[in-house]
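In case you want the letters, here they are:
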Number of protein chains: 2
Amino acid sequence: MGTTDAHGDRRSLWAWCLESEEPTDAERAALARRLSEQAGAPIVPVPIPDLADAILRRPRITVPRAMADWCSTETWTRAFHTYGSHVTDRTRAFHLDFETPPDVVAEPRNEQELASTLDWCVDRGYVVVPFGGGSSVVWGVNTPEADAVVTIATGAMDRVLEVDERSLAARIQAGVLGPRLEDQLRPLGYTLRHFPQSFRFSSLGGWIATRAGGHYATQRTHIDDFVESVRMLTPRGWWESRRLPGSGAGPSPDRIVLGSEGTLGIITEAWMRIQRRPRFRASAGVAYPGWPEGAEAVRRIVQSGLTPANLRLLDPSEAGRAAGMDGVQALLMLGFESAEVPQGDWMAQAVAIAREAGGRVDDADVLVDDGSGRPTGRGGALGAWRESFIGVGSGVGTGVETGLGMVADTFESAVTWDRWPDFDALVRERVEEALRQVFGHDPLLSCRFTHVYPDGPAPYYTWAGVGRPGSERTMWAEVKAVAADAVLEAGGTITHHHAVGRMHRPAYDRQRPDLFADVLRAGKAAVDPAGLLNPGVLIDP
Amino acid sequence: MGTTDAHGDRRSLWAWCLESEEPTDAERAALARRLSEQAGAPIVPVPIPDLADAILRRPRITVPRAMADWCSTETWTRAFHTYGSHVTDRTRAFHLDFETPPDVVAEPRNEQELASTLDWCVDRGYVVVPFGGGSSVVWGVNTPEADAVVTIATGAMDRVLEVDERSLAARIQAGVLGPRLEDQLRPLGYTLRHFPQSFRFSSLGGWIATRAGGHYATQRTHIDDFVESVRMLTPRGWWESRRLPGSGAGPSPDRIVLGSEGTLGIITEAWMRIQRRPRFRASAGVAYPGWPEGAEAVRRIVQSGLTPANLRLLDPSEAGRAAGMDGVQALLMLGFESAEVPQGDWMAQAVAIAREAGGRVDDADVLVDDGSGRPTGRGGALGAWRESFIGVGSGVGTGVETGLGMVADTFESAVTWDRWPDFDALVRERVEEALRQVFGHDPLLSCRFTHVYPDGPAPYYTWAGVGRPGSERTMWAEVKAVAADAVLEAGGTITHHHAVGRMHRPAYDRQRPDLFADVLRAGKAAVDPAGLLNPGVLIDP
């Protein structure tokens, strides 16, 4: 199930954790004192909410008796499925603001139950929101305004059904969350190796629907390349592509599902390309005098044809905060891994380029695991960063700050190298100015490269400000609008891997070819004639 | 221009060459004598045709005066653009069978002229066939039955417009043929490195429209991954995607253009990812006791995470014919290349796996070029194969055999490893039986892997038979139908990189998800409401 762990511990309504891991009132009070000092004004923490105080609109529709086993109208379930995991979502949930909950949450346990549920919705004209792990940070699963909304959660379909060891592929139910997926592959010696930051609470179907960005910094950056075939239920019936390692027969049917964000159908299964678990590893941390030097080194490495699993660059601010560096230098994290062949030679070539580009790396910090299992890259600056990365999910904090006037968010893009570093300069100038105006203090804005391509980097920005409790959403919206404008104006994409959802719709509408939107709209109408699936995301009917 | 070389030498109407390179009557007579002996019946060669003897339907429409500069109704031009390059096309052309020539062939020199041409066609309701290099072997550019057909050839738009050296990308006009494209990049030190067998007479736009398979045997097998953005004219106007190194903003707009085979629009430009010209190379030929052992070795190498540029396996028949081997052993050709880093370590790892899998390779045959320019892989079995590959285009011979009752063709697929070698066994059994029945002699059928994926190979079959002159097309059709059925039944794709065209339509219709066809149909209607673009290819309105 998507909303509880194996011990029955439930997901938090307002924090990126289980209920048992939620921050306490005491922790929140301590933070409030610190923030009060910073803001120069007292910040009084609202007590942690009790859902018993929430007033949810009554379900406007009735579940047929035959579907009662997998459909719920309970308050907690409807509240949880009202939102995704963005800071605005969690702030609303914290304030028990569940204005538009789904009327019914269905969690079918198999394809037959799913088909009955979708048939029911289509017959009655109910809007359907497909829901995987609920990790969306772009309002991708938020209940839209409609006469009746049924959220269909896929979390009960969470098994690895088949492993094809000759082809290194597995047939996997789409509702499975990251950890349980890997738990099922691990005993067989395999891994999907797709580790988005949201790994803990995001699903295979969600990754496919949103073109999630994963583990690999180069080459196989998105989930796209791991998809061998997809099975999906649409209002007009089943869609299933043939398992093929490659094909040139017309446009790829899978590539229109990838990124469809629940507008075309509900993904139920996929054949995914898996791998043997890596045995050989090599890692290194390389320090650069500054951010421009680090970026130039990354460009040279990724254009060398080397495809390291890790090629992530932290700007001086992130390198200082996350890896204890001096606030001036940038940190490049380099990593190679393989189940089959030693990685030392690769690393030696990458380090040689990294040094030629002005990087400083001690030989002792180039760690190579020859397959003996000696751990590498767990100490020093790299280890510190790894800890901080794993502690955070989807750019959402643990929720301790929720409702205290502090707003933190991330935005990400990808842009060709010819526009870098101008892209970075424009984005920083505009967003820092907006942060100053909105929060009235020196802004916190930092950047790292999460993925890198021969033709350009994917920069990932993090910002935070301390403002007025209760105004978090409007403060956030002002900054977000400026950031989105800057990203588009500077030639980037509105999202490299966070998806479009309802949040990025205005920017997305400016970015994609208009005629492609027409094609997408017509294509949607072909499989979802009544426009019931996730309306407001990507396109309007 | 697409139909003449720099010296004004015109393309042959019936052979894969320029007119000056066409086989002579004497060469044909010599072959006819050999075939007569084989067939045990006299085969009398028809003389090489003279287009003056052809009777072409008169153009059914009149070119407006303003468009006269780039529109032609001349006999040769219309005859040439009636067909692609499949053996059935060239046989028809040889027999001066131009039953349905286009009424007008437009070759606009710029986007304005192209837009005028398409506007004219849309206004009048004329069917439009986009035409790149005419290398289609799947009837992709053949003039369909319609009241009026205008073929729009893109060959006059053949320039590299811009090179972005920082991002390693170039803006290139889509009409350029392979050699001229590389000629423009070479002086700057760059290459696209897309070398389909049809390289000489195929265009960038055609590669994109058909998802052409190229140089790389692994990882970047299709043109798809080299496309950064596309500019395309549709009946409803311009479609242009943003230059982005990567994006997760909705389904990729480029991926619906890739493989659209001229049904959505006419591609005019693309930003393509280019590379520095390779300096470091390594190559090796590995002999295996037989075909199954070779295939298993390929599987192990491609699943090791190594991504050699060359990983091509010839079955004993091809290894014997093309590389002078003993007819029992299979030959694996291994190659690595890079502009930036030495490739010896990669090769050593690949050779180690190749040997573990039972391959025989002398150390002396592992050639490594350390950047000094010493050529590798030009001698021995590898060199012989390279010559034979470059001598042939698109599975079409030089045409010397045309009209002599000999039929040769290729078909290709891709299939997951779990279905291999059963796939191969079924395909060989069915096709050999068909060849025996149709041609009445022991069949020639051979196979190689042109591209390989971690989850499966892309096998490429070549067959030939000697039958009755004049019946080539029906004999071909009988074999083709059996081959297509076998490929689908055994779980493969009807085409890995030859595209669908009109030839593979019936099989394609069985392969793709029906609902995807509905999406494609609706999408086409959105940009081409009257259904004028390349009707009969991929989908019907």
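These numbers come from a predicted model, not from an experiment.

Draft legend 1. Region of interest: helix α4 (residues 111-124) of chain A. Residue and element names in this part refer to chain A. Here α4 contains 14 residues, and its C-alpha end-to-end distance of 20 Å stays within 8% of the 20 Å for a straight helix at 1.5 Å per residue. What α4 keeps buried is the set Glu113, Leu114, Thr117, Leu118, Trp120 and Cys121. An end-on view of α4 places all buried positions within 155° of arc, on one side of the element. Of the exposed residues in α4, those oriented more than 90 degrees away from the buried face are Gln112, Asp119 and Asp123. Along its buried surface, α4 packs onto β2 (104-106), β3 (127-131), β4 (149-153), β8 (227-234) and β10 (266-273). Trailing α4 by a residue or two, Gly125 shows a phi angle of about 75°, which is positive.

Draft legend 2. Region of interest: the interface of chain B and chain A. Contacts between the two partners involve 77 residues from chain B and, on the opposite side, 77 residues from chain A. Those elements that place two or more of their residues in the side of chain B that touches chain A are β8 (227-234), β9 (237-240), α7 (254-257), α10 (344-356), β17 (444-453), β18 (456-466), α14 (505-511) and α15 (514-527) of chain B. Ranked by residue count, the leading element in the side of chain B that touches chain A is α15 of chain B, at ten residues. Within the side of chain B that touches chain A, the residues separate by chemical class into 31 nonpolar, 30 polar and 16 charged.

Draft legend 3. Geometry of the pairing of strand β4 (residues 149-153) of chain B. All names here are of chain B. In terms of burial, β4 is largely enclosed, as five of its five residues are buried. Going residue by residue along β4, you find Val149, Thr151 and Ala153 tucked away on one face and Val150 and Ile152 tucked away on the opposite face as well. In this sheet, β4 lies alongside strand β2 (residues 104-106) in parallel orientation, the contact comprising three bridges. Each residue of the ladder has a partner; that of Ala106, found in β4, is Ile152. Where strand β3 (residues 127-131) meets β4, five bridges bridge the pair, whose relative direction is parallel. When the bridges of β4 are listed, Phe131 appears paired with Ala153.

Draft legend 4. Focus on the sheet that holds strand β5 (residues 160-164) of chain B. Residue and element names in this part refer to chain B. The five strands are arranged β5-β6-β10-β8-β9 in an open sheet whose pairing can be described as antiparallel. Edge positions in the sheet fall to β5 and β9, since each of these pairs with one other strand and no more. Strand-to-strand twist across the sheet, computed as the mean angle between neighbouring axes with direction ignored, equals 10°. Here β8 runs beside strand β10 (residues 266-273); their pairing, made up of six bridges, is antiparallel. By the bridge assignment for β10, Leu233 is matched with Ile266.

Rules and cut-offs
Residues numbered from 1 in each chain as written. Chains lettered and ligands numbered in written order. Predicted model: local features only at pLDDT ≥ 70, side-chain atom pairs only at ≥ 80, totals over all residues. Helix = DSSP H or I, 4+ residues; strand = E, 2+ residues; numbered from the N terminus. Expected span 1.5 Å × (residues − 1). Buried ≥ 20, exposed ≤ 12 C-beta atoms within 10 Å, placed from the backbone. Arc of directions from axis to C-beta. Contact = placed C-beta atoms within 7 Å. Nonpolar A, V, L, I, M, F, W, Y, C, P; charged D, E, K, R; others polar. Pairing = 2+ DSSP bridges. Axes fitted to C-alpha atoms, helices over the stretch in contact; angles between N-to-C directions.

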